[in-house]
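Listed here are the chains, written in short residue letters.
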Amino acid sequence: MTKPLKQIHLAAHFPGVNNTTVWSDPASGSHIDFASFVHFAETAERGKFDFMFLAEGLRLREQGGEIYDLDVVGRPDTFTVLAALAAVTERLGLTGTINSTFNEPYEVARQFASLDHLSDGRAAWNVVTSWDAFTGENFRRGGYLAEDERYERAEGFLAAAHTLFDSWQGDEIAADKDRGVFLGDAAAGSFAYSDKHFDISGRFNVPRSPQGRPVIFQAGDSDHGREFAAAGADAIFSRHGTLEDGQAFYADVKGRLAKYGRRHDQLLILPAATFVLGDTDAEAAELAQQVRLAQVSPQTAIKFLEQLWNRDLSDHDPDGPLPSVDPVVGENTIARGRASVRMYRDPVATAHEWRARAEAEGLTSRELIVEVTGRQNFVGSARTVADRIDHLVQADASDGFILVPHVTPGGLDPFVDEVVPLLQERGTFRSDYEGTTLREHLGLAAPARRADAASAV
Amino acid sequence: MPGSSVPLHLAVALDGTGWHPASWREPDARPADLLTAGYWSDLIGEAERGLLDFVTIEDGLALQSEHPLRADDRTDRVRGRLDATLIAARVAPRTRHIGLVPTVVATHTEPFHASKAIATLDYVSSGRAGVRIQVTASPVAARHFGRRVVPEGGGGTDLLDEAADYVEAVRRLWDSWEDDAEIRDVATGRFVDRTKLHYVDFEGRWFSVKGPSITPRPPQGQPVVAALGHVDAAYRLIASSADVGFITPHDAKETTAIVEEIAGHRAGGTPVRVFADLVVFLDDTAGAARSRRDRLDEVAGRALRSDAEIFAGTPAELADVLAHWHDAGADGFRLRPATLPHDLLQITDGLVPELRARGLFRASYAGSTLRESLGLSRPANRYSTAATA
């Protein structure tokens, strides 16, 4: 018996504040006007996508002590724009990135529960952490959290939020006018949670929402992050979009589920993926090269070099060879508010690799940066891209993809118009929504209430 | 004291099924729908049909209680609510003219988050956002956050001083982007002109905020800030920090006194728009309104108590009171419907036509933003280099 075909999950990431987003494209519209968000969400819903996704960063990025001005800057408040989008969509899931370091569980839980009510069960939370004093300067507590405690706080935050979500069972509101009974349970919403980071108690003031609690996403990639996801997340927003890398990540994370008593299908792996479509594969390849050049302007190339070299390179010629000096080793002081610089674990070795490659291939600094950053995941005709996506999902490299268009707000349109129908023809992507909640789109069961889970043990 | 120099403004304060604790038991009440988007869209759509300036939406960081500082375990009152800012955002795309003024509690929350949330509400409503700033001395709410201990008796003045700092930080963040900061200059590769993004560097007793905001300056520049006050310390907050003040006088003379008190605290610039709050029971005859109030009081087991004047009568009688108080200095009125939707419909179908017949209320929305409805200009940016060049 052959393995049944897996159903693909698709989501749309609103173009973000990094150089993937090409604001210089003549078709690029506003990144802040609500009309752009409406266009994007309506396109995703027309394509029967599972959800749309919003990232968030709580301080404008800086490089060399100045606000970074080469990428899109500025975005809306996540909860507020998602609540407004709930008014113009009916089925699309609404996923927001919310930080567990510079928020408090009671407030975040009531915002997610409210969003879930106001969208009839379509809310999802991508839980992220930060620790840096740089971001903390915008908040009451400043940089209070040690880096190695950020996951600990995130786990406690999530556990506290779950306690709050589960403090209402869902059947307490009687609203019986004749008997004069509004609440069937005088203690509805009672909760208490304490650990090293939190000590809170009282009554939660948002009754249980349609999904019980939002769908939980986790984005961290470290061993700790993977374990955190395996223990309790519903989905992972991953970076592993290629076949081998994806399969390895998929097997690793899904392999961790059993020890938490969870099934293989209770945690979805959804890598971020960029795409460039053309009428032919050759045309798409040509377009992809143009996009990459637009993503790495000469000025952007210099800034990327500075992020690795950890020093001022403003006088460096982007159309000449790579810098001959070595990177400054130690804490990265040049770029702030940017998670990606932490990926360069050995900057000197990376610089040597880059120099060797630039010399071997005759690349300028800018051309080298184009080669080592921003490679598109899917490039080709709609048929080629549909084949590739289907293959990756069926081969267990992922359960689907979170697509990241490079133009706001219309960059998703060609994918929905051309690729989605091909996937629907194959029977591996829905032709219409079958359920109403995001949990239903993702094939996830309603969460057990804490009380039920405890009594089942 | 001459009367208010501005046309009479009208707002409605929405809270659950209305401001009477037994309102949820009325035949037309929808207590089972309080957590749905449709409930709020219907009410706010009705208020917009009546051309009201704005609605406020109550909120809180604790479950409702009969006691302001303690929890109760009552089961015969409405309990549970949704986040007011998110209700406003959910309704914004479905309305076009009415201002949306959710309550934000300053005491335990982050000014940085509140600033971008209200800025975003202004974007999704195309310039109709406001925010009503509230403080809470409740130890119950404090335990929900676990971050500070509320002193016995609440420490009231400190909370108001903190709220003033909060509004200052929020306002600076709204101005932290100049309107023309986004330049998209392909030649230099720059999306923004960073000389037009500003650190706000707010430092106060309770917190400091660096800035700039992550959200560009909202359509109104400064969304409308409102606060309710009953005592001089709160009037000072209104005068120093708000565009709109809600007050609770019980007659025309008291109205004049409070309006003058607030004006006396105002340092200059645009006067605060002062709205008098009234709880209203409205029916076609005064007798019907009074007997409805009596009936609801009986159901609730006690007479309605309120910080605001309680009015029971016909829309025409209420129009008399409002005209009189407007002459006494109130710029507008925030009516708290005793029951919903009944008293809201009496406002839109009865009171508004009555005021209009007297030439006291608009026949159409004057502008598209809340500031325009209130006759407030779009403020210059405090950080603008262009303005001083």
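Residues numbered from 1 in each chain as written. Chains lettered and ligands numbered in written order. Predicted model: local features only at pLDDT ≥ 70, side-chain atom pairs only at ≥ 80, totals over all residues.

(A) Seen up close, the domain arrangement of chain A. Residue and element names in this part refer to chain A. What the domain assignment lists for chain A is domain 1 (9-279 + 376-456) and domain 2 (297-372). In this structure, domain 1 and domain 2 have C-alpha centres spaced 32 Å apart. Each partner contributes residues to the interface: domain 1 has 11 residues there, and domain 2 has 11 residues. Of all the elements in the fold, those that place two or more residues in the side of domain 1 that touches domain 2 are β3 (62-63) and α4 (133-136). (Domains from an automatic or database assignment. Contact = placed C-beta atoms within 7 Å. Helix = DSSP H or I, 4+ residues; strand = E, 2+ residues; numbered from the N terminus.)

(B) Quick look at the sheet that holds strand β13 (residues 268-273) of chain A. Residues and elements named next belong to chain A. Read around the barrel, eight strands follow the order β1-β2-β5-β6-β11-β12-β13-β17 and close on themselves; strand pairing throughout is parallel. Neighbouring strand axes in the sheet, compared pairwise and without regard to direction, differ in orientation by 30° on average. With two bridges joining them, β13 and strand β17 (residues 400-403) adopt parallel strand pairing. By the bridge assignment for β17, A272 is matched with I402. Along the sheet face, helix α7 (residues 243-255) touches β12 (235-238) and β13 and points at about 150° away from the line of β13. (Pairing = 2+ DSSP bridges. Axes fitted to C-alpha atoms, helices over the stretch in contact; angles between N-to-C directions.)

(C) Fine view of the packing of helix α2 (residues 78-85) of chain A against helix α3 (residues 105-118) of chain A. All names here are of chain A. Close contact between α2 and α3 brings their axes to 9 Å; oriented N to C, the two are set at 10°. Compared by their axis directions, α2 and α3 come out roughly parallel. Here F79, L82 and A83 of α2 lie close against α3, whose contacting residues are Q111, L115 and L118. Considered class by class, the residues forming the contact of α2 with α3 number five nonpolar, one polar and no charged. (Parallel < 35°, antiparallel > 145°, perpendicular 65-115°, else oblique. Nonpolar A, V, L, I, M, F, W, Y, C, P; charged D, E, K, R; others polar.)

(D) View of the sheet that holds strand β4 (residues 66-67) of chain A. All names here are of chain A. Judged by pairing direction, the sheet is antiparallel, and its three strands sit side by side in the order β4-β3-β15 without closing on themselves. Two strands bound the open sheet, and with one partner strand each, they are β4 and β15 (335-336). As judged from the two bridges shared by β3 and β15, these two strands associate in the antiparallel manner. Looking at β15, one finds that E62 is bridged to R336.

(E) Inspection of the interface of chain A and chain B at higher detail. On the side of chain B, 59 residues touch chain A, which itself brings 63 residues to the contact. Elements represented by at least two residues in the side of chain A that touches chain B include exactly β4, α2, α3, β7 (173-176), β8 (181-183), β10 (199-203) and α9 (298-309) of chain A. By residue number, the principal contributor to the side of chain A that touches chain B is α3(A), which donates eight residues. Looking at the side of chain A that touches chain B residue by residue, the classes come out as 33 nonpolar, 16 polar and 14 charged.

(F) Up close: helix α8 (residues 281-295) of chain A. Residue and element names in this part refer to chain A. Between the first and last C-alpha of α8 there are 21 Å, a value that for 15 residues agrees with the 21 Å anticipated at 1.5 Å per step. For α8, the complete set of buried residues consists of A284, A288, R292 and Q295. When α8 is viewed along its axis, its buried side chains cluster within an angular range of 80° and face the same direction. With respect to the buried face of α8, the exposed residues turned more than 90 degrees away are A282 and Q290. Tucked into the core, α8 has its buried residues touching β14 (275-278), α11 (365-372) and β16 (378-381). (Expected span 1.5 Å × (residues − 1). Buried ≥ 20, exposed ≤ 12 C-beta atoms within 10 Å, placed from the backbone. Arc of directions from axis to C-beta.)

(G) Inspection of the packing of helix α1 (residues 37-49) of chain B against helix α10 (residues 342-357) of chain B at higher detail. All names here are of chain B. As a packed pair, α1 and α10 sit with axes 9 Å apart at the nearest point and diverge in direction by 20°. Classified by the angle between their axes, α1 and α10 sit roughly parallel to one another. Crossing of α1 over α10 shows left-handed handedness. Contacts between α1 and α10 involve L43, E46, A47 and R49 on the former and, on the latter, L344, L345 and T348. The residue makeup of the contact of α1 with α10, split by class, is four nonpolar, one polar and two charged. (Left-handed = near helix turned anticlockwise from the far one by under 90°.)

(H) Layout of the pairing of strand β2 (residues 54-57) of chain B. Residue and element names in this part refer to chain B. Residues of β2 alternate between two faces, with F54 and T56 on one and V55 and I57 on the opposite face, all of them buried. Bridge count for strand β1 (residues 9-14) against β2 is four bridges, and the pairing is parallel. Directly across from A11, in β2, lies its bridge partner F54. Each parallel crossover has a hand, and the one from β1 via α1 to β2 is right-handed. Examined bridge by bridge, β2 and strand β3 (residues 99-105) share four bridges and lie parallel to one another. Within the sheet, the bridge partner assigned to I57 lies in β3 and is P102. Between the parallel pair β2 and β3, the chain is carried across by helix α2 (residues 84-91), and the sense of this crossover is right-handed. (Right-handed = clockwise from strand over helix to strand, strands pointing away.)

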